[in-house]
Amino acid sequence: MDNDIKMKADKINFFYGNTQALKSVDLNIFSNRVTALIGPSGCGKSTFIRLFNRMNELIAGTKLTGKIYIDGEDINSPCIEAVDIRRRVGMVFQKPNPFPKSIFDNIAYGLRVNGIKNKDFIEEKVVQTLKKAALWEEVKCRLKESALGLSGGQQQRLCIARCLAVETEVILFDEPCASLDPISTGKIEELILELKKDYTIVIVTHNMQQAARVSDYTGFFLLGELIEFGRTQDIFTAPKDKRTEAYITGRFG
Amino acid sequence: MNYRRIKEKIYKWIFTVLAFSSLFFLVGIMIVLFKEGTPIFKDVGFFKFLFGTRWYPTHEPPDFGILPLILGSIWVTAGAIIVCVPLGVGSALYLNEIAGFRQRQFLKPIIELLASIPSVVYGFFGMVIVTPFLQKTFNLPTGLTALNASLILGLMATPTVCTIAEDALSYVPRSFREASFAVGANRWQTLTRVVIPAAGSGISTAIILGMSRAIGETMTVLMVAGGAAVIPKTFLGPVRPMTAAIAAEMGEAPMGGDHYHALFAIALVLFLITFVFNIIAEIISRRFRIKLGLSG
């Protein structure tokens, strides 16, 4: 039943200046599964997920020890460029962040910066990813209009489409529904379940019901430590650690 | 209780009056400019005044054609733009994208300090350092030229351009950059395709305000532009921008005479030009805020 390991975090310690945000975290991310990371605010789960596409190195004064692997390869090895990792590991952010460009250009951007110039290919890809992100029907007549005119939920699906266009292998979702209404949230969740056929997915969420609905595996973080990790079903029905139980039953957090 | 309410009312009135006083001064200045400037249009004719190529206000009979002065202003302003845009925008990009926190804390105040140097000091610097340099380098009869004025004005406008452009760049939300990096763009692509377009209108505003600064500057051009009221043909010749003409001649123009009215009319033209610049800058920056989804 266990699956192939797509990504692996090995003894991760992470510091913002002198503050330690992650303490010796080990975690496996399985191929074509959804892994949810839960925990109270400030527990390090967002920091952790941003290590998988080397996003934290954009922040000055941070330090990482330990290793992160994708398909057994060390992503922080000096022979690997951050852009190469980000082409394999995409990310959808907490707040929808489309560029102030047209809907079309938002998706084409990822292709263009990766050196694709063929216009027909780009056009085809835009249509294809919009369909995949369940947004095509809503925007097909307004591809040239600004993406900022879309609703929050549509913007977030556009950001997912933008990520899909790059054809990454892994998609990281950092609280993707934090600023969305329940209907938009439902659509995004459906989409995540649909996408796991082709992608490996990691999702950080504050919403435990969401974790229970969409994920196969769940990790519970507290104060920078991974307290418990296992199959979502087990974590929610029979947590081994008292702190996990306290959190999922709503006693704190 | 009643006493407090009266006190509050008085405060409210004082601040209202203070706030509206700028409007009062603006309108007052406009009225004076119109009243003192328009009579010359009756005597000389509006188009002949604006497009006349000879400015000999003290000859007999006098010539009141301000085209050489307008062109003088345009030339030095254009030259200043060529100097201050690369300097100002370049340093803004450096401060925002490349400089670390400490460097930025150190460099930004220094660039801003350039703006606090009095213009007469810039003019002095132009006369003593730049003038002989240009004279020697280009083998000119005089170093007091449009080029000299352009260089100094450009330097003076740099802090304006840099500060406003840097603000525009820093208003670009971090989320845009992150989104760009997340799809595999490198730093250069992120800068040229996301950050600069997003800050584009802010940067244009910076440039227009820099132009405003350059075209309105008086003391420096009076000192280094050379002062010849001829239609400029080369940056290496002297020019007489509008501001310099007003400042140099107002003292000698008999009050209420044609020359006096002509100088007011030049001031009016200058005022309208900078007014238009500022309106354009305001419109662009408003669009910019809407584009980034900031409150208008």
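Residues numbered from 1 in each chain as written. Chains lettered and ligands numbered in written order. Predicted model: local features only at pLDDT ≥ 70, side-chain atom pairs only at ≥ 80, totals over all residues.

**Q** Looking at this model, I keep getting lost on the sheet that holds strand β4 (residues 62-70) of chain A. Mind explaining?
**A** Hydrogen bonding along the main chain pairs the strands of a sheet, whether they run parallel or antiparallel. Residues and elements named next belong to chain A. With antiparallel pairing, the four strands of this open sheet are ordered in space as β2-β1-β4-β5. Each having just a single partner strand, β2 (19-30) and β5 (73-74) make up the two edges of the open sheet. Inspection of the sheet shows β4 paired to β5 by two bridges, in the antiparallel sense. Looking at the pairing, I70 lines up with E73 of β5. (Pairing = 2+ DSSP bridges. Helix = DSSP H or I, 4+ residues; strand = E, 2+ residues; numbered from the N terminus.)

**Q** Is there a simple way to think about the nonpolar core in this case?
**A** In summary, soluble globular proteins display a tendency toward joint burial of nonpolar side chains. Judged by nonpolar contacts, the single largest core of 149 residues is most densely connected at V202(A), V161(B), A165(B) and I266(B). Once residues within four sequence positions are removed from consideration, A165(B) is found in contact with G88(B), V89(B), A92(B), G202(B), I203(B) and A206(B). (Core = buried A, V, L, I, M, F, W, Y, C linked by C-beta atoms within 7 Å. Buried ≥ 20, exposed ≤ 12 C-beta atoms within 10 Å, placed from the backbone. Contact = placed C-beta atoms within 7 Å.)

**Q** Explanation requested: the domain arrangement of chain B in the structure shown.
**A** Frequently, the measure chosen for interface size is the accessible area removed from exposure when the parts meet. Residue and element names in this part refer to chain B. Looking at the assigned domains, one finds that chain B contains domain 1 (2-37) and domain 2 (44-291). Taken together, the contacts link four residues of domain 1 with six residues of domain 2. Tallied by class, the residues present in the side of domain 1 that touches domain 2 amount to two nonpolar, one polar and one charged. (Domains from an automatic or database assignment. Nonpolar A, V, L, I, M, F, W, Y, C, P; charged D, E, K, R; others polar.)

**Q** So what exactly am I meant to see when it comes to the environment of A178(A) here?
**A** Residue and element names in this part refer to chain A. Relative to the helices and strands, A178 resides in the loop between β7 (170-174) and α7 (182-195). A sequence separation of 84 residues divides A178 from Q94, and the C-alpha atoms of the two residues are 6.2 Å apart. Leave out the neighbours within four places in its chain, and A178 touches Q94 and H206.

**Q** Would you take a moment to explain the confidence of the model for chain B for this structure?
**A** For any part of a model where pLDDT is low, the fine detail of the predicted coordinates should not be relied upon. All names here are of chain B. For chain B, mean pLDDT is 91; residues scoring 70 or higher make up 97% of the total. The secondary-structure element of chain B with the lowest mean pLDDT is helix α12 (residues 258-291), recorded at 88, while helix α11 (residues 242-249) shows the highest, at 95. Scored by ipTM, the complex comes to 0.89, with pTM at 0.80. (pLDDT = per-residue confidence, 0-100.)

**Q** Honestly, the interface of chain A and chain B in this entry has me stumped. Any pointers?
**A** With 22 residues of chain A in contact, the opposing surface of chain B contributes 18 residues. Every element with two or more residues in the side of chain A that touches chain B is listed here: α2 (82-88), β6 (89-92), α3 (103-113) and α6 (152-165) of chain A. When the residues that make up the side of chain A that touches chain B are grouped by side-chain class, the tally is 13 nonpolar, five polar and four charged.

**Q** In this structure, what is going on with the pairing of β2(A)? I would like to understand it.
**A** In summary, the side chains of a regular strand alternate between the two faces of the sheet. Sheet topology places strand β1 (residues 5-16) of chain A next to β2(A); eight bridges connect them, and they run antiparallel. Residue pairing for β2(A): M7(A) is matched across the bridge by I29(A).

**Q** I'm lost on the packing of α3(A) against α6(A) in this one. Help?
**A** Each pair of packed helices gets described by two things: the angle between the helix axes and the distance between those axes. Residues and elements named next belong to chain A. Put simply, α3 and α6 touch, their axes get as near as 7 Å, and they point 30° apart. When the axis of α3 is compared with that of α6, the two are roughly parallel. For the element pair α3 and α6, the recorded crossing hand is right-handed. Contact residues: α3 offers I103, N106, I107, Y109, G110 and L111, while α6 offers L158, A161, R162 and A165. When the residues that make up the contact of α3 with α6 are grouped by side-chain class, the tally is seven nonpolar, two polar and one charged. (Axes fitted to C-alpha atoms, helices over the stretch in contact; angles between N-to-C directions. Parallel < 35°, antiparallel > 145°, perpendicular 65-115°, else oblique. Left-handed = near helix turned anticlockwise from the far one by under 90°.)

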